[in-house]
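Chain residues, written in single-letter form:
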Amino acid sequence: MEKWSLMAVTVLLALTVRWAVSLGTYSGAGKPPMYGDYEAQRHWQEITYNVPIKQWYFNTSDNNLLYWGLDYPPLTAYHSLLCAHVASLLNPQWVALHSSRGHESQPHKLFMRATVFVADLLVYIPAVVLYCSSLKETSAKKKASTWGVCVALCILLYPGLILIDHGHFQYPYSALVSLGFALWGVLCLSHDWDLLGSVAFCLALNYKQMELYHSLPFFCYLLGKCFKKGLKGKGLVLLAKLAGTVVLSFAACWLPLGTDVAQIMQVLRRLFPIDRGFIILTNYLFISFQDKVANVWCSLSVLVKIKNVMSPQTQLKLSFAVTFLSLLPACIKLTVQPSLRAFKLALVSCALSFFLFSFQVHEKSILLVALPVCLIINEIPFMATWFLLVSTFSLLPLLLRDGQLLPYAVTTPAFLTACLASFSILDKTSPDDLHLKAFSLSLKRHVSWLKSFPRIVRSLFLLSLSLMGVLSLLSAALPPPHSLPDLFPLSVAVLSCSHFLLFLVYFNVVLLWDSKNSKGQKKSS
């Protein structure tokens, strides 16, 4: 009873923080002609409510695809339609065709914020609470009743998701629905409910196509379980059940749009913009980055303008090759030795590889990496906390454009304080705490500084915090030089990217050197 009372207080605190952040401005407020992401959400409600379902993804006189045309999978459209029906009951002018463009009244803002809160309460927060409630207590200093609460507090106070969900207002990119469904998938798989987990992830993928970042770990983990059971017996039965579940789940999501091939291809073209000669998936994942993103190609552009030294086709092939090679070790390990620990680490590694080396990347895509990192914050609290702080910092240019400096300056230290209080992260820097014991033993004969490893790691962490703090202050307080207008955003991108590369190496080392078998990990997850 004490545990659930504390969990309720934690959820209430998380909702209060979200409400406080939502009081500020949002992306594109009062900035015609496009008005920003807030208007995109409102416009999708207008279109889905007034335009026939078979025209949602087509350019017509009533549906100008150049003005926030729908470019997300069917579940996003259905969600918009549901919100539109509620909006129409409250005030039909909010979703009136054409005349509602740029509508920004105070009651409508309250309604739109409410849709975010409802999605958070129905999809994401329950998954976090149940996931944390099922965790096995691993700290001798924490009571069993408070351990899961501490983990839930840190996950729910992660500032990156809060600032994007409730400040920037961009729930298709955030945890509210797509990442929430993905978390439900992880939760189901952790209880061996493989079919339900498959359904949950199919819902995530049909809500936001960028859930492809997580698709390979889900596929490899379940395939590895089939191999482990034997493809001539129970494994084959499980494989058939999983295949049928996926087909039925996709059919349920897509059938309302119709079965016409031309209709389906138009939806796919909207989801995955294609160039002649390249397959849809490859082109979508690897063609271009937006803004000043903390991935490799944007960071390299500071030194070398890649588009000036190679053709788009060559860029596409290069990014595909690098991404594939960086994904391969984790996927092979997970398929050969499927375990829940390896599954969660592979979610981190694969999503981070896509973010770093793909060409179709938005800065908000780092949230796709942050979610699985949140899921291992109880196992590797020091590195998980460090990563989540860097991921929030990487969003700084976007947050400054949206006027989110104050929420950023408050929620980030609050999150760090919660992690320090919950996990004593500065005391969790030994090779054993960082899950590097097996790797360090293989290096012990060749590296003399391993005895000083905890002190070195703590020093690097404090240096990292200092650099992020100073650059945050400079970005907020000083105008850039006229000759270098992008100095601060690029500095944020390069500093964040350098961190992410090191994190990619770290998480792959932990995964590949993990000697614990799946049986030993099943309950601890």
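Cut-offs and rules
- Residues numbered from 1 in each chain as written.
- Predicted model: local features only at pLDDT ≥ 70, side-chain atom pairs only at ≥ 80, totals over all residues.
- Heavy atoms only, no water.
- UniProt positions renumbered as here; feature names shortened; annotations may be inferred.
- Helix = DSSP H or I, 4+ residues; strand = E, 2+ residues; numbered from the N terminus.
- Buried < 20%, exposed > 50% of the residue type's maximum accessible area, 1.4 Å probe, protein only.
- Contact = heavy atoms within 4.5 Å.
- Polar contact = N/O pair within 3.5 Å; in protein donor to acceptor, adjacent residues only side chain to side chain.
- Axes fitted to C-alpha atoms, helices over the stretch in contact; angles between N-to-C directions.
- Parallel < 35°, antiparallel > 145°, perpendicular 65-115°, else oblique.
- Nonpolar A, V, L, I, M, F, W, Y, C, P; charged D, E, K, R; others polar.
- Expected span 1.5 Å × (residues − 1).
- Phe/Tyr/Trp six-rings, centres within 6.5 Å; stacked < 30°, edge-to-face > 60°.
- Lys NZ or Arg CZ within 6 Å of the ring centre and 35° of its normal.
- pLDDT = per-residue confidence, 0-100.
- Core = buried A, V, L, I, M, F, W, Y, C linked by side-chain atoms within 4.5 Å.
- Salt bridge = Lys/Arg side-chain N within 4 Å of Asp/Glu carboxyl O.

An unreviewed UniProt entry lists the chain under the name Alpha-1,3-glucosyltransferase, with Pitta sordida given as the organism. What the UniProt record of the chain gives under Sequence similarities (unreviewed entry) is the line "Belongs to the ALG6/ALG8 glucosyltransferase family." Under the heading Subcellular location (unreviewed entry), UniProt records this for the chain: "Endoplasmic reticulum membrane".

Colleague: Mind laying out the overall build of the chain, listing which residues take part and the relevant values?
Modeller: In terms of helices and strands, the chain carries 24 helices and zero strands. Residues counted as buried form 56% of the 525 residues belonging to the chain. In the chain, once contacts between residues fewer than 6 apart in sequence are set aside, the share between residues at least 24 apart is 77%.

Colleague: Explain the side chain of Ser-358 residue by residue, including any values.
Modeller: Examined against the element boundaries, Ser-358 turns out to sit in the loop between α16 (340-357) and α17 (367-375). From its side chain, Ser-358 meets the backbone oxygen of Phe-354 in a polar contact 2.6 Å long.

Colleague: Outline the environment of Leu-187, supporting the account with residue identities and numerical values.
Modeller: Looking at the secondary structure, you find Leu-187 in helix α7 (residues 175-190). Sequence separation of Leu-187 and Ser-134 is 53 residues, and the distance between their C-alpha atoms is 9.0 Å. Once residues within four sequence positions are removed from consideration, Leu-187 is found in contact with Ala-127, Leu-130, Tyr-131 and Ser-134.

Colleague: Which residues make up the environment of Val-296, and what are the values?
Modeller: Relative to the helices and strands, Val-296 resides in helix α13 (residues 296-300). Residues Val-296 and Ser-498, spaced 202 residues apart in sequence, show a C-alpha to C-alpha distance of 8.6 Å. Other than its neighbours up to four places away in sequence, Val-296 contacts Leu-356, Phe-357, Cys-497 and Leu-501.

Colleague: Describe the UniProt feature "transmembrane region" (unreviewed entry) in the chain, naming the residues involved and giving the relevant values.
Modeller: The sites that carry the UniProt feature "transmembrane region" (unreviewed entry) are, in the present numbering, residues 110-132, 144-164, 235-257, 277-304, 366-393, 405-426, 460-478 and 490-513. Helix and strand shares over residues 366-393 are 79% and 0% respectively, and the end C-alpha atoms of the span are 11 Å apart. What you have in residues 490-513 is 96% helix and 0% strand, and the ends, taken at the C-alpha atoms, are 34 Å apart.

Colleague: Help me get a handle on the packing of helix α2 (residues 37-50) against helix α4 (residues 106-133), residues and values and all.
Modeller: Packing of α2 against α4 brings their axes to within 12 Å, and their N-to-C directions diverge by 85°. Between α2 and α4, the crossing angle belongs to the class labelled roughly perpendicular. Across the interface between the two elements, Tyr-38, Gln-41, Arg-42 and Gln-45 from α2 touch His-108, Lys-109, Phe-111 and Met-112 from α4. Grouping the amino acids of the contact of α2 with α4 by side-chain chemistry returns three nonpolar, three polar and two charged.

Colleague: Got a sec to walk through helix α18 (residues 381-394)? Specific residues and values, please.
Modeller: Note that an α-helix has 3.6 residues per turn; residues three or four places apart therefore point the same way. In a regular helix each residue adds 1.5 Å, so 14 residues correspond to 20 Å; α18 covers 20 Å between its end C-alpha atoms and thus fits that length. Among the 14 residues in α18, 14 count as buried, and that is most of the element.

Colleague: Give a detailed account of the packing of aromatic side chains, specifying residues and quantitative values.
Modeller: Under the defined criterion, the tally for this structure stands at 21 aromatic pairs. Judged by centre distance (5.0 Å) and plane angle (55°), the rings of Phe-382 and Phe-461 are tilted. Of the two residues, Phe-382 sits in helix α18 while Phe-461 sits in helix α22 (residues 453-477), which places them 79 residues apart along the sequence. Residues Phe-382 and Phe-461 agree in their burial class; the two are buried. Between Tyr-506 and Phe-507, the ring centres sit 5.1 Å apart and the planes meet at 65°, which makes this aromatic pair edge-to-face. Side by side, Tyr-506 and Phe-507 carry an identical accessibility label, which is buried. Looking at Arg-101, its charged tip hangs above the ring of Tyr-67, at a distance of 4.0 Å from the centre.

Colleague: I'd love a proper account of the packing of helix α15 (residues 312-336) against α16, names of residues and values included.
Modeller: Following both chains from N to C, one finds α15 and α16 inclined at 175°, their axes separated by 9 Å at the closest point. Looking at the two axes, α15 sits roughly antiparallel to α16. Together, Ser-319, Val-322, Thr-323, Ser-326, Leu-327, Ala-330, Cys-331 and Leu-334 of α15 and Ala-342, Phe-343, Ala-346, Ser-349, Cys-350, Ser-353, Phe-354 and Phe-357 of α16 make up the contact between the two elements. A per-class count over the contact of α15 with α16 returns 11 nonpolar, five polar and no charged.

Colleague: Would you mind going over the confidence of the model for the chain in detail, with residue names and values included?
Modeller: The predicted model of the chain averages 86 in pLDDT, with 89% of residues at 70 or higher. The lowest-confidence element of the chain is helix α12 (residues 280-285), averaging 38 in pLDDT; the highest-confidence one is α18, averaging 97. In the model, residues 275-290 has pLDDT below 50 throughout and makes 48 contacts with residues more than four positions away in sequence or in other chains. Low pLDDT, under 50, characterises residues 517-525; the stretch is placed with 14 contacts to residues that sit more than four places away or in other chains.

Colleague: So, the environment of Gly-469: which residues are in play, and what are the values?
Modeller: Along the chain, the position of Gly-469 falls in helix α22. Linking Gly-469 and Ala-409, residues 60 residues apart in sequence, is a C-alpha distance of 9.7 Å.

Colleague: Got a sec to walk through the nonpolar core? Specific residues and values, please.
Modeller: Of all hydrophobic cores here, the largest spans 145 residues; its most connected members are Ile-377 and Phe-500. Among the elements that make up this core, the one with the highest residue count is α16 (14 residues). Residue contacts for Ile-377: discarding those within four places in its chain leaves Val-151, Cys-154, Ile-155, Ala-384, Thr-385, Leu-388, Phe-415, Cys-419 and Phe-423. Membership of the second largest hydrophobic core comes to seven residues, among which are Ala-87, Trp-94, Val-95 and Met-112.

Colleague: Residues and numbers for the pattern of salt bridges, please.
Modeller: Here the idea is simple: oppositely charged side chains can pair when their charged atoms come close. What the rule picks out here adds up to eight salt bridges. The residue Lys-225 makes a salt bridge to Asp-194 at a minimum N-O spacing of 3.0 Å. Here Lys-225, found in helix α9 (residues 212-229), pairs with Asp-194, found in helix α8 (residues 194-205); they are 31 residues apart in sequence, far enough to count as distant. This pair shows no difference in class: Lys-225 is buried, exactly as Asp-194 is. Note that Glu-379 and Lys-344 form a salt bridge whose closest N and O atoms lie 2.9 Å from each other.

Colleague: Hey, could you go over unusual backbone geometry for me, with residue numbers and the actual values?
Modeller: One non-glycine residue, Trp-68, adopts positive backbone phi at about 50°. Unlike most non-glycine residues, Ser-424 shows phi in positive territory, near 50°. Following the sequence through the fold, Ser-424 ends up in the loop between α20 (405-423) and α21 (437-443). What makes Ser-424 partly exposed here is its relative accessible area of 27%.

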